[in-house]
Amino acid sequence: DPNLPFSQSGEPAYTVLHFAAFDGNMVLVPMLVNAHANLNARDSRGFTPLHSAARCDFRLSCDDCSRPGSNDFSVRWTQGAKPVIEYLLDHGADLRARTVAGQSVLDIFSTPCAADPAACEPSALASAAPWPSGMCKQAYAFVRARMQR
């Protein structure tokens, strides 16, 4: 059952889909969705798999992991937060979901916005300038654009 809690996470109600999304795993995420995993399952914090993907702090999730030469993964351009988020949204995940603390998916991203608000303006997001390592500029820009629809 793809909706059973993932007992290794330490977080009650955290599913395998939450973990696969957090991991940026575009091999496992489609398999779980095809097996009818709940795209909007919530853990005890109210995190959905979209919130988990937006954390961008695991080995396949960050944008810098997708640049040539930054790792040895042969699938580096098909893995990560942005493809997972896009896939989940295309299959019915709720972009407007909020955590128990009231955080949107956009609020979960680690960004340089607090220190440099201009870095998160649409023109800056469209530029090729990278954000600091481990921050998901591409995924953040994608979610921001989708939320403004």
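Since the model is a prediction, treat every value here as computed from it, not as a measurement.

Chemist: I'm lost on the overall build of the protein chain in this one. Help?
Modeler: Looking only at helices and strands, one finds seven helices and zero strands in the protein chain. What you see in the protein chain, going N to C, is helices and strands ordered as α-α-α-α-α-α-α. For the protein chain, the residues scored as buried account for 48% of the 149 residues in total. Once local pairs closer than 6 in sequence are excluded, the contacts in the protein chain between residues at least 24 apart make up 64%.

Chemist: What should I look at first to understand the environment of Leu-17 in this one?
Modeler: Here Leu-17 shows up in helix H1 (residues 16-23). When its relative accessible area of 0% is taken as the criterion, Leu-17 is described as buried. It is 6.2 Å that separates the C-alpha atoms of Leu-17 and Pro-49, two residues lying 32 residues apart in sequence. Not counting residues within four places of it along the chain, the set of residues in contact with Leu-17 comprises Val-29, Leu-32, Ala-37, Asn-38, Leu-39, Pro-49 and Leu-88.

Chemist: Would you take a moment to explain helix H7 (residues 137-147) for this structure?
Modeler: Think of an α-helix as 3.6 residues a turn; residues three or four steps apart then line up on the same face. H7 sits mainly inside the fold: eight of its 11 residues count as buried. Of the positions making up H7, those classed as buried are Lys-137, Ala-139, Tyr-140, Phe-142, Val-143, Arg-144, Arg-146 and Met-147.

Chemist: Please explain the pattern of salt bridges as it appears in this structure.
Modeler: Any two side chains of opposite charge can pair, on the condition that their charged atoms come close. Tallied over the entire structure, the rule returns four salt bridges. One salt bridge connects Arg-45 with Asp-43, and the closest N-O pair in it is separated by 2.5 Å. Owing to a relative accessible area of 29%, Arg-45 belongs among the partly exposed residues under this scheme. Using a relative accessible area of 5% as the deciding quantity, one classes Asp-43 as buried. Two residues, Lys-82 and Glu-86, come together in a salt bridge whose shortest N-O distance is 3.2 Å. Of this pair, Lys-82 and Glu-86 both sit in helix H4 (residues 81-90), four residues apart, which is roughly one turn of that helix.

Chemist: In this structure, what is going on with the packing of H4 against H7? I would like to understand it.
Modeler: Axes are the key here: two packed helices are described by the angle between their axes and the distance separating the axes. Between H4 and H7, the least distance of the axes is 8 Å, while the angle of their chain directions is 25°. The angle between H4 and H7 places the two elements in the roughly parallel class. The element H4 and its partner H7 pack so that their crossing is right-handed. Contact residues: H4 offers Ala-81, Lys-82, Ile-85, Glu-86, Leu-89 and Asp-90, while H7 offers Gln-138, Ala-139, Phe-142, Val-143 and Arg-146. Its residues assigned to classes, the contact of H4 with H7 shows six nonpolar, one polar and four charged.

Chemist: Could you clarify how one ought to interpret H4 in this entry?
Modeler: Restricting attention to buried positions, one finds in H4 the residues Ala-81, Val-84, Ile-85, Tyr-87, Leu-88 and Leu-89. Tucked inside the fold, the buried residues of H4 contact H1, helix H2 (28-34), helix H3 (49-54) and H7.

Chemist: I keep staring at the state of the cysteines and nothing clicks. Help me out?
Modeler: Disulfides are covalent bonds that connect the sulfur atoms of two cysteines. Following the criterion strictly, the structure yields one disulfide and no others. Bridging Cys-113 to Cys-120, the disulfide has an S-S length of 1.6 Å. Every disulfide takes its handedness from the sign of the S-S torsion; for Cys-113 and Cys-120 that torsion is -80°, giving left-handed. Note on accessibility: Cys-113 and Cys-120 belong to one class, buried.

Chemist: Any chance you could explain unusual backbone geometry here in plain terms?
Modeler: Trans peptide bonds make up most of the peptide bonds, and negative phi angles are found at most residues other than glycine. Even without being glycine, His-36 reaches a positive phi, approximately 75°. One can find His-36 in the loop between H2 and H3. Here His-36 falls in the exposed class, since its relative accessible area comes to 66%.

Procedures and definitions
- Residues numbered from 1 in each chain as written.
- Predicted model: local features only at pLDDT ≥ 70, side-chain atom pairs only at ≥ 80, totals over all residues.
- Heavy atoms only, no water.
- Helix = DSSP H or I, 4+ residues; strand = E, 2+ residues; numbered from the N terminus.
- Buried < 20%, exposed > 50% of the residue type's maximum accessible area, 1.4 Å probe, protein only.
- Contact = heavy atoms within 4.5 Å.
- Salt bridge = Lys/Arg side-chain N within 4 Å of Asp/Glu carboxyl O.
- Axes fitted to C-alpha atoms, helices over the stretch in contact; angles between N-to-C directions.
- Parallel < 35°, antiparallel > 145°, perpendicular 65-115°, else oblique.
- Left-handed = near helix turned anticlockwise from the far one by under 90°.
- Nonpolar A, V, L, I, M, F, W, Y, C, P; charged D, E, K, R; others polar.
- Disulfide = S-S within 2.5 Å.

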